[in-house]
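# A structural walkthrough
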Amino acid sequence: MGWRHRPVAIGDRFCRTGQVSRVFVVVQLDSRAGLPPHARLQLEEDPCERITIALAALGDPAMFRRL
């Protein structure tokens, strides 16, 4: 199974493509009825900075890279 097909889990680390100095860690998964699944990520070196992003975006190599 390729890395893109492995499910995203809490603790997984990602960086934005072309921005390897900023590492984000998955801290929460959010699956609400009627909405696409999302993940909440926090910046590894600054836990106060958080983003919420669709799991589909995390699987897109043009946007994010799993570390």
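Please refer to the structure placed before this passage.
Anyway, here's the lowdown on the structure attached to this text.

The rules behind these values
- Residues numbered from 1 in each chain as written.
- Predicted model: local features only at pLDDT ≥ 70, side-chain atom pairs only at ≥ 80, totals over all residues.
- Heavy atoms only, no water.
- Salt bridge = Lys/Arg side-chain N within 4 Å of Asp/Glu carboxyl O.
- Helix = DSSP H or I, 4+ residues; strand = E, 2+ residues; numbered from the N terminus.
- Buried < 20%, exposed > 50% of the residue type's maximum accessible area, 1.4 Å probe, protein only.
- Pairing = 2+ DSSP bridges.
- Axes fitted to C-alpha atoms, helices over the stretch in contact; angles between N-to-C directions.
- Polar contact = N/O pair within 3.5 Å; in protein donor to acceptor, adjacent residues only side chain to side chain.

To continue, consider the pattern of salt bridges. Counting across every chain of the model gives four salt bridges. As a salt-bridge pair, Glu 44 and Arg 13 come within 2.9 Å of each other at their nearest N and O atoms. Separated by 31 residues along the polypeptide, Glu 44 in the loop between β3 (38–43) and β4 (46–54) and Arg 13 in strand β1 (residues 13–16) bring together distant segments of the chain. You can call Glu 44 partly exposed: its relative accessible area is 39%. In this structure Arg 13 comes out as partly exposed when scored by relative accessible area, which is 33%.

Moving on, we get to the sheet that holds β4. Across the sheet, which stays open at both edges, the five strands sit in the order β4-β3-β2-β1-β5 with antiparallel pairing between neighbours. Of all strands in the sheet, those with a lone pairing partner are β4 and β5 (64–66), marking the two edges. Within the sheet, the average angular offset between the axes of one strand and its neighbour, ignoring direction, is 40°. When β1 meets strand β2 (residues 19–30), the two strands line up antiparallel, connected through four bridges. Bridge pairing in β2 places Phe 14 opposite Phe 24.

Its place among the elements puts Arg 66 in strand β5. Arg 66 gets classed as buried once you look at its relative accessible area, which sits at 12%. Only 3.0 Å separates the side chain of Arg 66 from the backbone oxygen of Arg 6, close enough to count as a polar contact. At 2.9 Å, the side chain of Arg 66 and the side chain of Asp 12 are in polar contact.

On to the pairing of β2, then. Side-chain positions along a regular strand alternate between the two faces of the sheet. As consecutive antiparallel partners, β1 and β2 are separated by two residues, and within that stretch Gly 18 has a phi angle of approximately 85°, a positive value. Note that β2 and β3 share six bridges and pair antiparallel. Paired with Gln 28 across the bridge in β3 is Arg 40.

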